Amino acid sequence: QVQLVESGGGLVRPGGSLTLSCAASGSIISIDDMGWYRQAPGKQRELVAVITSGGRKNYVASVMGRFTISRDNAKNTVYLQMNSLKPEDTAVYYCNAVVVVTTTRREYAYWGQGTPVTVSS
């Protein structure tokens with residue numbers, strides 16, 4: 001099967017920066033879209049950023065100009081660089097990847113366990 005392991009979350013001050021990483025491993029043939037979601041306390045989970053296998057990127061409006069998504073296909077890893085962080089960015093951030101697996105050669109979506117980001121003074 002496939003596992004997504006996230007790292008980089010933590011506590012930062014408003015205006016600070018943080019970079020999240022998510023590495024996929026397991027029975028992988030290829031990976032299509034990779035993205036980051038977040039869920040703030042009392043809120044619905046929302047898509048933050050997505051990057052296609054060809055490198056096309058999309059962001060939720062609230063993070064445009066502050067966050068950058070990127071990927072390293074050789075490492076099966078997606079990154080989210082977060083700058084100028086605001087208290088409203090506080091959430092658990094989840095990695096998502098659409099993966100073609102070796103066992104069935106079919107496409108499935110996988111989720112990481114989540115990494116918390118807290119922006120506070």
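Keep in mind that this is a model prediction, so the values were computed, not measured.

> Can you help me understand the pattern of salt bridges in this one?
A side chain of one charge can pair with a side chain of the opposite charge if their charged atoms are brought near each other. One pass over the full model with this rule turns up three salt bridges. E46 is the partner of R38 in a salt bridge, and the nearest nitrogen-oxygen pair spans 2.8 Å. Since its relative accessible area comes to 29%, E46 is described here as partly exposed. With its nearest N and O atoms 3.0 Å apart, the salt bridge here joins R38 to D89. Taken together, the positions of R38 in strand β4 (residues 28–39) and D89 in the loop between β8 (77–82) and β9 (91–101) put the pair 51 residues apart, joining distant regions of the chain. Side by side, R38 and D89 carry an identical accessibility label, which is buried. Residues joined in a network through salt bridges with shared partners are R38, E46, R66 and D89.

> Explain the side chain of T77 here, please?
Its location among the elements puts T77 in strand β8. Reaching out from T77, the side chain makes a polar contact with the backbone oxygen of K75 at a distance of 2.9 Å. Not counting chain neighbours up to four residues away, the residues in contact with T77 comprise C22, A23, M34, S70, R71 and D72.

> Where do I start with the packing of aromatic side chains in this structure?
Counting across every chain of the model gives two aromatic pairs. Across the ring face of Y94, the terminal group of R45 is positioned such that the distance to the ring centre comes to 3.9 Å. Cation over ring: R45 sits above W111, and NZ or CZ is 4.9 Å from the ring centre.

> Would you mind going over the sheet that holds strand β3 (residues 18–26) with me for this structure?
Note: strands within a sheet are paired through backbone hydrogen bonds, in either parallel or antiparallel orientation. Pairing in this open sheet of four strands is antiparallel, and the strands run β1-β3-β8-β7 from one edge to the other. The open sheet has two edge strands, β1 (2–7) and β7 (67–72), and neither has a second partner. Sheet twist, expressed as the mean angle between neighbouring strand axes with direction ignored, is 15°. Bridge count for β7 against β8 is six bridges, and the pairing is antiparallel. Among the inter-strand pairings, F67 is bridged to a residue of β8, identified as M82.

> What exactly am I supposed to notice about the environment of I29 here?
Tracing the backbone shows I29 in strand β4. On the basis of relative accessible area, I29 is assigned to the partly exposed category, the value being 38%. Considered as a pair, I29 and T103 are 74 residues apart in the sequence and their alpha carbons are 9.3 Å apart.

> Explain unusual backbone geometry here, please?
In terms of backbone geometry, most residues other than glycine have negative phi values and most peptide bonds are trans. Non-glycine residue N76 carries a positive phi angle of around 50°. A relative accessible area of 24% means that N76 is categorised as partly exposed.

Reading guide: rules and limits
Residues numbered from 1 in each chain as written. Predicted model: local features only at pLDDT ≥ 70, side-chain atom pairs only at ≥ 80, totals over all residues. Heavy atoms only, no water. Salt bridge = Lys/Arg side-chain N within 4 Å of Asp/Glu carboxyl O. Buried < 20%, exposed > 50% of the residue type's maximum accessible area, 1.4 Å probe, protein only. Helix = DSSP H or I, 4+ residues; strand = E, 2+ residues; numbered from the N terminus. Polar contact = N/O pair within 3.5 Å; in protein donor to acceptor, adjacent residues only side chain to side chain. Contact = heavy atoms within 4.5 Å. Phe/Tyr/Trp six-rings, centres within 6.5 Å; stacked < 30°, edge-to-face > 60°. Lys NZ or Arg CZ within 6 Å of the ring centre and 35° of its normal. Pairing = 2+ DSSP bridges. Axes fitted to C-alpha atoms, helices over the stretch in contact; angles between N-to-C directions.

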